[in-house]
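# Remarks on the overall topology
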Amino acid sequence: MSRGISKALVVGIVVIIAVVIIALYYVTQAQTSRQSMHGAGVNYPITVVDYLGRNITIYSQPSTIGTVSPDCTQIIYALGFGDRVVLIDTYSEQLLKYLNVTVPSNVTTINSIYGSPPIEPIITAHPSLLCADAGFQPQLVQSVGTLSAANITVIFIGGTSNTNVTDIESDIMLMAKALGVPGKGEEVISHMNAVINYVEGKVSNEPG
């Protein structure tokens, strides 16, 4: 390792990489875990509190999902719900292609997502649940009422506002609860922490 790279930077990079690794790991297990997900025993309706402090009631497990942030996409795929995605952003699509995950041709792709993604394609794709990044898409809050009127539930994760691993864990559990698979969320977090702890152990003796 180059002495010009601090351990803090390495750990920060590891956090990002760890979530990508999780996504790849769980994408390969999504098919085999689907039965256990549907039998998770979660009783709807459920209410969750998103990153913006909004109380959101979800009446049934979302059958279709929209993601307009790579942070959201990694979590959704890590939880094994990639087959329900009907709307995705172009950066997430590039990430998935890098991980050798094929995005179906009938999935709507949004090219512009900063500030707020365009509303019309979201309504047209009509995901029952839309995951957004509070740090990257703060202006989307202004369109929540319009999307709600179209029966699209919006959940904001911390995403790019996150500053530590605990924040990422909160995002994972928020979406896991919304999707009715809190146990799967705990499993993802456990796997992520195992990866992070392994790499931290490898760099612990490196100069700061």
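Just above, that's the structure.
Before going into details, it helps to say that this report is about the structure given with it.

Each value, and the rule that gives it
- Residues numbered from 1 in each chain as written.
- Predicted model: local features only at pLDDT ≥ 70, side-chain atom pairs only at ≥ 80, totals over all residues.
- Heavy atoms only, no water.
- Buried < 20%, exposed > 50% of the residue type's maximum accessible area, 1.4 Å probe, protein only.
- Helix = DSSP H or I, 4+ residues; strand = E, 2+ residues; numbered from the N terminus.
- Pairing = 2+ DSSP bridges.
- Right-handed = clockwise from strand over helix to strand, strands pointing away.
- Salt bridge = Lys/Arg side-chain N within 4 Å of Asp/Glu carboxyl O.
- Phe/Tyr/Trp six-rings, centres within 6.5 Å; stacked < 30°, edge-to-face > 60°.
- Disulfide = S-S within 2.5 Å.
- Patch = residues over 30% accessible without salt bridge, like charges linked within 9 Å, V, L, I, M, F, W, Y side chains within 5 Å.
- Areas by Shrake-Rupley, 256 points an atom, 1.4 Å probe, with all protein chains shown as cover.

## Some points on the pairing of strand S6 (residues 129-133)
For S6, the tally of buried residues reaches five of five residues, placing the bulk of the element in the interior. Residue alternation in S6 divides its side chains into two sets, Leu-129, Cys-131 and Asp-133 and Leu-130 and Ala-132, and both sets are buried. Taken together, the three bridges between strand S3 (residues 65-67) and S6 define a ladder with parallel strand orientation. Bridging from a neighbouring strand, Thr-67 pairs with Cys-131 of S6. Regarding the hand of the β-α-β motif, the stretch spanning S6, helix H6 (residues 144-149) and strand S7 (residues 153-157) is right-handed.

## Notes on the pattern of salt bridges
Applying the stated criterion across every chain, the model contains two salt bridges. Among the ionic pairs, Asp-50 bridges to Arg-54, the shortest N-O distance being 2.5 Å. Overall, the relative accessible area of 4% leaves Asp-50 in the buried class. By relative accessible area, Arg-54 is classed as partly exposed at 23%. Between Lys-184 and Glu-187 there is a salt bridge; the shortest N-O distance is 3.6 Å. A residue pair is termed a helical-turn pair when its members lie 3 or 4 positions apart in one helix, as Lys-184 and Glu-187 do in helix H8 (residues 182-203) at three residues.

## Considerations on the packing of aromatic side chains
Describing an aromatic ring pair means giving the distance of the ring centres and the angle of the ring planes. All chains considered together, the criterion is met by one aromatic pair. For the ring pair Tyr-114 and Phe-136, a centre distance of 5.0 Å and an interplane angle of 65° mean the geometry is edge-to-face. In this pair, Tyr-114 is assigned in the loop between strand S5 (108-110) and helix H5 (119-125) and Phe-136 in the loop between S6 and H6, connecting sequence segments 22 residues apart. Residue Tyr-114 is classed as exposed on the basis of its relative accessible area, which comes to 62%.

## Description of the state of the cysteines
Applying the stated criterion across every chain, the model contains one disulfide. Two residues share a disulfide in this structure: Cys-72 and Cys-131, whose sulfurs sit 2.1 Å from each other. In this structure, the disulfide formed by Cys-72 and Cys-131 twists by about -75° around the S-S bond and is classed as left-handed. Of this pair, Cys-72 sits in helix H3 (residues 70-78) while Cys-131 sits in strand S6, and the two are 59 residues apart along the sequence. Of the residues examined, Cys-72 reaches a relative accessible area of 0% and is grouped as buried.

## Structural notes on a nonpolar patch on the surface
A grouping of Tyr-51, Leu-52 and Val-141 is seen on the molecular surface, where their side chains present a nonpolar patch of about 260 Å² in accessible area. By the element assignment, Leu-52 lies in the loop between strand S1 (46-49) and strand S2 (55-58).

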